[in-house]
2 protein chains.
Amino acid sequence: VGELELIAGIERALRESSGRLVRGPGDDAAVVATDPIAATSVDTIVEGVHFDLSTHSYADVGHKALAAALSDLAAMGSRPGEAYTALVLPPSTPSSEALSLVSAMEALAERSGVQLAGGDVTAGPALMVSVTVTGWADASSELLYRDGADEHQLVGVTGELGGSGAGLLLLRGEAAGPDTAGRAIAESDALIRRHRRPEPRLELGRALVDSGATAAIDLSDGLATDARHLALRSGLAIEVRLPDLPLAAGVAAVARAAARDPWGLAAEAGEDFELLFTAPEDARAAIERAADTLGERVTWIGHTSAGSRVRLLRADGSEADLSGYEHS
Amino acid sequence: VGELELIAGIERALRESSGRLVRGPGDDAAVVATDPIAATSVDTIVEGVHFDLSTHSYADVGHKALAAALSDLAAMGSRPGEAYTALVLPPSTPSSEALSLVSAMEALAERSGVQLAGGDVTAGPALMVSVTVTGWADASSELLYRDGADEHQLVGVTGELGGSGAGLLLLRGEAAGPDTAGRAIAESDALIRRHRRPEPRLELGRALVDSGATAAIDLSDGLATDARHLALRSGLAIEVRLPDLPLAAGVAAVARAAARDPWGLAAEAGEDFELLFTAPEDARAAIERAADTLGERVTWIGHTSAGSRVRLLRADGSEADLSGYEHS
């Protein structure tokens with residue numbers, strides 16, 4: 001792929017859309033007008049480690065890299081700002097594929113109110129996309145941290161879980177599709193799409209801050225692992241009722257076809273990029289209303305208490321031993 | 001390398017040093033207090049493409065990745081701010097080497113007034129370091145852009161040129177060391193160090209803005225190429241007198257040993273990470289004084305005029321045909 005040609009293509013794709021941008025690509029650095037507080041996160045995905053080109057198109061890869069980075073900003077509750085992309089392409093990469101990767105990233109950015117503001121392109125032995133995203137706030141107290149939870153608070157989760165993990169099982173052929181009826185095929189397609197094209201919960205993250213949530217983390221490694229991160233940082237214990245996890249449609253059938261426990265899959269598989277959060281009981285109604293206004297779903301799945309352990313409880317009250325860290 | 005162990009080591013290395021940092025590593029994003037204008041740049045180096053572990057230590061690689069990124073901020077004349085690192089490590093990488101890479105980065109950051117504020121670590125098929133840096137300014141007019149040059153201005157360069165290119169020739173065994181006398185060996189060592197451990201000209205970049213410079217670019221691709229970038233963006237012609245290029249000590253001898261023209265090497269080899277800049281005649285004295293105050297050197301090597309071409313002139317007035325893009 002011709003680097004200069006590709007860069008020119010990328011610069012065309014990065015039409016300025018934000019009033020914040022003073023200088024876009026083409027100078028030594030991109031220049032933006034700031035708000036008082038910046039939240040910045042980096043997310044890198046590597047071919048053969050985080051995805052495989054046999055199950056993901058280049059467009060899927062571009063979308064997923066940006067979505068994973070933006071999901072961190074969603075968990076902070078910041079306003080979305082800019083994204084900067086480091087793209088490493090094997091020399092054999094067709095230009096058209098590289099451009100479709102960038103276009104998918106641009107499409108997600110535009111829908112999310114994010115400005116692609118710069119980056120670089122270089123050759124390398126495997127496809128790799130590293131995305132640095134910056135979000136903005138007026139004060140640091142307007143952001144949600146992992147350590148803000150307190151004892152005797154509710155634990156909630158946005159959206160539906162297990163979809164990405166079930167989609168990956170389907171892509172790997174480790175679970176037959178639920179059946180061949182029309183509805184089930186659509187369900188399988190939705191699960192696979194969920195794995196390939198996760199959606200960062202940016203608006204919902206901001207709504208959580210505004211409605212009184214106290215801490216949040218995005219579900220990239222899986223609830224079992226990410227709940228431990230939140231518990232560790234907040235210095236408390238978390239109890240999660242596994243049967244209350246909001247499973248995406250089709251997850252139960254796919255899990256059974258792969259001889260897996262559906263709730264275990266939802267808690268361990270990761271990459272759903274939903275938000276796990278805490279809130280005092282008196283914020284419950286405001287959070288439910290805010291989610292409803294956005295047409296989104298929140299589910300209360302547990303509570304915090306004194307201590308340091310995360311306990312994942314089955315329907316019979318026994319504790320599940322879920323290790324987490326199972327994501328592709 | 002154990003990812004969690006390494007991340008813990010990195011978090012220890014990233015002792016907070018800047019009052020700007022509200023949250024460092026360990027949350028979903030790093031949080032910093034801003035100034036009104038942010039300048040952000042991304043630079044990625046990949047094993048086998050930009051460096052080779054037979055000629056660079058892991059510490060060299062960490063230093064170089066951050067230096068190359070900061071050099072872009074130097075060319076903008078911004079105050080240095082934060083750096084975010086995406087580190088891709090082959091599974092066989094010894095933990096101690098990964099930590100020495102991060103420590104070298106931390107040492108350069110500390111000397112440069114830069115806060116390492118976050119990043120991620122992942123596995124991959126080759127060592128790769130992508131660094132995103134953000135610098136700050138009070139107004140966009142306080143920054144130096146590539147398009148700010150005007151006709152009939154001076155063209156200057158900071159420091160000395162050709163050192164990195166000559167160092168690479170020595171490392172590759174394409175040029176014998178000048179001789180075996182003590183002084184010449186020290187010269188060779190300095191050239192090699194120049195290639196492995198470039199220094200971003202952050203203070204000098206800010207001094208250039210303050211002293212009336214009108215445009216700047218950092219010399220990463222080599223003067224022949226980077227002068228074209230500046231000329232293109234500013235919409236004018238640039239004439240450079242090759243014999244006036246400030247060659248680093250030993251460059252002439254190394255170039256001759258490799259059957260290369262010394263000034264051609266200095267103009268084409270790149271990675272010196274000095275600054276090429278323009279300024280009106282009446283800013284000349286202020287710029288020289290500012291450089292002198294910092295113990296740094298500036299050299300006037302040409303001028304701008306109407307047109308669009310970059311002409312590199314030899315001592316006899318003939319035009320050299322230098323393609324640029326020769327860097328490792």
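It should be emphasised that the depicted structure is a prediction, and the values quoted were computed from it without experimental measurement. (Residues numbered from 1 in each chain as written. Chains lettered and ligands numbered in written order. Predicted model: local features only at pLDDT ≥ 70, side-chain atom pairs only at ≥ 80, totals over all residues. Heavy atoms only, no water.)

Asks: I'm lost on the pairing of strand 8 (residues 215-218) of chain B in this one. Help?
Replies: In regular strands, side chains alternate between the two faces of the sheet. Residue and element names in this part refer to chain B. Of the two faces of strand 8, the one holding Ala215 and Ile217 and the one holding Ala216 and Asp218 are both buried throughout. As paired strands, strand 8 and strand 10 (residues 275-279) are joined by four bridges and run antiparallel to one another. Its bridge partner being in strand 10, aspartate 218 is matched across the sheet by leucine 275. (Buried < 20%, exposed > 50% of the residue type's maximum accessible area, 1.4 Å probe, protein only. Helix = DSSP H or I, 4+ residues; strand = E, 2+ residues; numbered from the N terminus. Pairing = 2+ DSSP bridges.)

Asks: How should the packing of aromatic side chains be read in this particular structure?
Replies: The way to describe two aromatic rings as a pair is by their centre distance and the angle between their planes. Residues and elements named next belong to chain B. Within the structure shown, the criterion is met by two aromatic pairs over all chains. Aromatic side chains phenylalanine 277 and tryptophan 300 sit 5.6 Å apart centroid to centroid with 70 degrees between the ring planes, which places their arrangement in the edge-to-face category. Here phenylalanine 277 is found in strand 10, whereas its partner tryptophan 300 is found in strand 11 (residues 298-305), with 23 residues between them in sequence. Judged by relative accessible area, phenylalanine 277 falls into the buried class, the value being 0%. (Phe/Tyr/Trp six-rings, centres within 6.5 Å; stacked < 30°, edge-to-face > 60°.)

Asks: Just checking my understanding: could you explain the interface of chain A and chain B for this structure?
Replies: By a frequent convention, interface size equals the accessible area lost on bringing the separate parts together. Contacts between the two partners involve 55 residues from chain A, matched on the other side by 56 residues from chain B. Across the interface of chain A and chain B, roughly 3900 Å² is buried in total on both sides, 56% from carbon and sulfur atoms. Taken as a group, Asp28(A), Thr40(A) and Val42(A) account for 15% of the area that chain A buries against chain B, more than any other trio of residues on that side. Our count for the chain A to chain B interface comes out at four salt bridges. Linking Asp147(A) and Arg23(B) is a salt bridge whose minimum nitrogen-to-oxygen distance equals 2.9 Å. Where chain A meets chain B, there are 26 residue pairs in polar contact (both at pLDDT 80 or more). (Contact = heavy atoms within 4.5 Å. Buried area = accessible area lost by both parts, 1.4 Å probe. Salt bridge = Lys/Arg side-chain N within 4 Å of Asp/Glu carboxyl O. Polar contact = N/O pair within 3.5 Å; in protein donor to acceptor, adjacent residues only side chain to side chain.)

Asks: Which parts of the structure should I look at to understand the relation of the copies chain A and chain B?
Replies: If you rotate chain A by 180 degrees and push it 0.0 Å along the axis, it lands on chain B with an RMSD of 0.0 Å. Both copies are brought into coincidence by an operation consistent with a two-fold rotation axis. When the interface residues of chain A are mapped onto chain B, 100% of them are again interface residues, pointing to one common binding face. (Least-squares fit on C-alpha atoms with pLDDT ≥ 70 in both.)

Asks: I'm lost on the environment of Leu294(B) in this one. Help?
Replies: Residues and elements named next belong to chain B. Position of leucine 294 relative to the elements: it lies in the loop between helix 10 (284-293) and strand 11. For leucine 294, a relative accessible area of 32% translates into the label partly exposed. Sequence separation of leucine 294 and alanine 207 is 87 residues, and the distance between their C-alpha atoms is 8.8 Å. Aside from chain neighbours lying at most four places away, what touches leucine 294 is Glu203, Leu204 and Ala207.

Asks: Got a minute to help me understand the pattern of salt bridges in this structure?
Replies: Close approach of charged atoms lets side chains of opposite charge pair. Residues and elements named next belong to chain A. Scanning all chains against the criterion turns up 42 salt bridges over all chains. We note a salt bridge from arginine 201 to glutamate 296, for which the minimum N-O separation is 3.8 Å. Residue arginine 201 is found in the loop between helix 5 (182-196) and helix 6 (202-210), and its partner glutamate 296 is found in the loop between helix 10 (284-293) and strand 11 (298-305); the two are separated by 95 residues along the sequence. Its relative accessible area of 29% is what places glutamate 296 among the partly exposed residues. Several salt bridges share partner residues, and in doing so they unite Arg20, Asp35, Arg79, Glu82 and Asp138 into one network.

Asks: How should helix 6 (residues 202-210) of chain B be read in this particular structure?
Replies: For the α-helix, the turn length of 3.6 residues means that residues three or four positions removed from each other point alike. What helix 6 of chain B keeps buried is the set Leu202(B), Leu204(B), Gly205(B), Ala207(B), Leu208(B) and Val209(B). Just downstream of helix 6 of chain B, Gly212(B) is the residue with a positive phi angle, here 105 degrees.

Asks: Where do I start with the side chain of Thr55(A) in this structure?
Replies: Looking at where Thr55(A) falls in the secondary structure, it is placed in the loop between strand 3 (37-46) and helix 2 (58-76). Setting aside chain neighbours within four positions, we find Thr55(A) in contact with Asp60(A), Leu171(A) and Arg196(A).

Asks: What is the right way to look at unusual backbone geometry in this model?
Replies: Note on backbone geometry: most residues besides glycine have negative phi, and most peptide bonds are trans. All names here are of chain B. Located in the positive-phi region is alanine 259, a residue other than glycine, with phi close to 55 degrees. Mapping alanine 259 onto the fold places it in the loop between helix 8 (251-257) and helix 9 (262-268). Alanine 259 gets classed as exposed once you look at its relative accessible area, which sits at 72%. Here the phi dihedral of phenylalanine 273 falls at roughly 55 degrees; this positive angle occurs in a residue that is not glycine. Within the secondary structure, phenylalanine 273 sits in the loop between helix 9 and strand 10.

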